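The chain contents come next:
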Amino acid sequence: MSNKVMITNDQKTVKVPAGLRILIRRACNAVLEHEKFEDPAEISVTFVDNAKIAELNNEYRNKPMPTDVLSFPLGENGVYDVDESNGCKMLGDIVISMERAMEQAELYGHPLQREVAFLTVHSMLHLLGYDHENGGIEAVRMREKEEAVLTQLGLSRTISYGAEE
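Procedures and definitions
Residues numbered from 1 in each chain as written. Predicted model: local features only at pLDDT ≥ 70, side-chain atom pairs only at ≥ 80, totals over all residues. Heavy atoms only, no water. Axes fitted to C-alpha atoms, helices over the stretch in contact; angles between N-to-C directions. Helix = DSSP H or I, 4+ residues; strand = E, 2+ residues; numbered from the N terminus. Parallel < 35°, antiparallel > 145°, perpendicular 65-115°, else oblique. Left-handed = near helix turned anticlockwise from the far one by under 90°. Contact = heavy atoms within 4.5 Å. Salt bridge = Lys/Arg side-chain N within 4 Å of Asp/Glu carboxyl O. Buried < 20%, exposed > 50% of the residue type's maximum accessible area, 1.4 Å probe, protein only. Phe/Tyr/Trp six-rings, centres within 6.5 Å; stacked < 30°, edge-to-face > 60°.

Q: Help me understand the packing of helix α4 (residues 112–127) against helix α5 (residues 136–152), please; the structure alone is not making it clear to me.
A: Packed helix pairs are characterised by how far apart their axes lie and by the angle those axes make with each other. Two numbers describe how α4 lies on α5: the axes approach to 10 Å, and their chain directions differ by 130°. In terms of orientation, α4 and α5 fall into the oblique class. Helix-helix and strand crossings are classified by hand; for α4 and α5 the assignment is right-handed. The residues of α5 that touch α4, namely those facing R114, A117, F118, V121, H122, L125 and H126, are M142, K145, E146, V149 and L150.

Structural data, given as structure tokens:
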């Protein structure tokens, strides 16, 4: 049984590059593998624009501004509902602002693919219950996991973020 990653493009601002959907699926699978998530999982990924993500950010987090990615975990404490139609555990939804991802890719001087892969990995960890809101050790652990997975995908962060550190 394999994982199901459903990807929907709900925006027209940024052209979705060829191969991006494959990369997102690889990123999701790599996180599940890294976290030893044994069961088949179902994840939905939606591309939106800044206006739409600002709306969602306001609705769910009372922050009326665009952000790069939002995660909507469906599980709690490692317990997930199962989609009867395919036997997959439903991890939740990832919403990516392609507009914001493009802005950030340009800012950091790396490809859009690299930015979207990072946002996907980051969000997948949220769906699996990791949190960085309080900073400290949790945030550090999350960053380390992101690094490990991106390196595995051949997208290590050091290349692009070197100037920042």
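From this point, things continue past the structure.
Q: Would you mind showing me how to read the pattern of salt bridges here?
A: Throughout the structure, instances matching the rule amount to five salt bridges. In this structure, the salt-bridge partner of E35 is K145, at a minimum N-O distance of 3.0 Å. Of this pair, E35 sits in the loop between α1 (20–34) and β2 (41–48) while K145 is found in helix α5, placing the two residues 110 residues apart along the sequence. In terms of burial, E35 and K145 fall into one category: buried. A salt bridge links R141 to E138; the shortest N-O distance between them is 3.2 Å. Of this pair, R141 and E138 are both found in helix α5, three residues apart, which corresponds to roughly one turn of the helix.

Q: I keep staring at the packing of aromatic side chains and nothing clicks. Help me out?
A: Both the distance between ring centres and the angle between the ring planes are used here to describe each pair of aromatic rings. Scanning the model with the defined rule gives two aromatic pairs in all. Plain terms: the ring middles of F37 and Y80 are 5.6 Å apart, the flat faces sit at 75° to each other, and that makes the pair edge-to-face. Within this pair, whereas F37 is found in the loop between α1 and β2, its partner Y80 is found in the loop between β3 (69–73) and β4 (82–83), the two being separated by 43 residues in sequence. In this structure, F37 and Y80 share a single accessibility class: buried.

Q: What is the right way to look at the side chain of H126 in this model?
A: Residue placement: H126 occurs in helix α4. Residues contacting H126, with those up to four places away along its chain left out, are S71, P73, D131, H132 and M142.

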